[in-house]
Structures are given as C-alpha cells and as structure tokens.
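# Commentary on secondary and tertiary structure
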Amino acid sequence: MVLKQRTVWETNGVNSAPLLYEGAGITPKDVSLAEIYDPFTFMCMTHIEDFGLVKKGEIGGWVTAGHNRLDGTLPVNTHGGLMSEAHIPGSIM
C-alpha cells in the first residue's frame, strides 16, 4: 500500500483507516458508534473526517446538526469524552 502524504491538518487515520476497514470487512457506513480519542475538541473532529465517517470539510455542519449525539446518526464518545471518562490531571491520596 502506498501511504498518502498527509497535510498538517490530518492524522494518520487517512492511512490506517482503509487498512482497518479492509481487515474488518466493513466500510465507514457500517460504523454505528465511534469512541474517539479526544485530547482536544478539534482532534476528535479531525479523526472523524480522517476515518471517513464524515466527508472532509463537512464536520462542522454535521456536528451542528446533532449527528454525533446519542440519538444521532453516529453517536460519538458516549462516555462523555476524555475528561469525563479517564483523564485525571492529578490525584489525591
């Protein structure tokens, strides 16, 4: 496989997603739930596009329309995201 030259605005999802879909025998249209690593809000949206779940450049309107909500077409980070699920910046003993 020839790797795609990424732009500064893309993750390696543009290269890994086709391999993952092929290995799983599915396409992005078969994905019904997405749990995305979200260290920053824009990264979650970038990953959604890079994994082909939403067409490039359409993520803003897609999120605004609520497609990522629990009752949306593709619920994203149903656990509340990194800050809600597991990111603990400090601990008290």
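Rules of the game
Residues numbered from 1 in each chain as written. Predicted model: local features only at pLDDT ≥ 70, side-chain atom pairs only at ≥ 80, totals over all residues. Heavy atoms only, no water. Helix = DSSP H or I, 4+ residues; strand = E, 2+ residues; numbered from the N terminus. Buried < 20%, exposed > 50% of the residue type's maximum accessible area, 1.4 Å probe, protein only. Contact = heavy atoms within 4.5 Å. Areas by Shrake-Rupley, 256 points an atom, 1.4 Å probe, with all protein chains shown as cover. Polar contact = N/O pair within 3.5 Å; in protein donor to acceptor, adjacent residues only side chain to side chain. Core = buried A, V, L, I, M, F, W, Y, C linked by side-chain atoms within 4.5 Å. pLDDT = per-residue confidence, 0-100.

## A few points about the overall build of the protein
From N to C terminus, the protein includes four helices and zero strands. Helices and strands in the protein line up, N terminus first, as α-α-α-α. Here the protein holds 93 residues, and 30% of them are scored as buried. Restricting the contact set of the protein to residue pairs at least 6 apart, pairs at least 24 apart contribute 47%. Of the roughly 6700 Å² of accessible surface on the protein, a fraction of 61% belongs to carbon and sulfur atoms.

## Quick notes on the side chain of Asn77
Of note, Asn77 is situated in the loop between helix H3 (59–64) and helix H4 (82–85). For Asn77, a relative accessible area of 10% translates into the label buried. Within the local environment of Asn77, its side chain forms a polar contact with the side chain of Asp38, the two groups lying 3.3 Å apart. Filtering out sequence-adjacent residues up to four positions away, Asn77 remains in contact with Ala34, Glu35, Ile36, Asp38 and Cys44.

## Re the side chain of Asp38
Looking at the secondary structure, you find Asp38 in the loop between helix H1 (13–24) and helix H2 (41–50). Filtering out sequence-adjacent residues up to four positions away, Asp38 remains in contact with Cys44, Asn77, Gly81 and Leu82.

## Observations concerning the nonpolar core
Counting twelve residues, the largest nonpolar core consists of Ala17, Tyr21, Ala34, Ile36, Cys44, Ile48, Leu53, Val54, Ile59, Trp62, Leu74 and Val76. Secondary-structure elements contributing two or more residues to this core are H1, H2 and H3. Not counting residues within four places of it along the chain, the set of residues in contact with Val76 comprises Ala34, Ile36, Cys44, Ile48, Trp62 and Asn68.

## A few points about the confidence of the model for the protein
Residues with a pLDDT of 70 or more make up 86% of the protein, whose mean pLDDT is 87. Averaged over each element, pLDDT in the protein is lowest for H4 (70) and highest for H3 (97).

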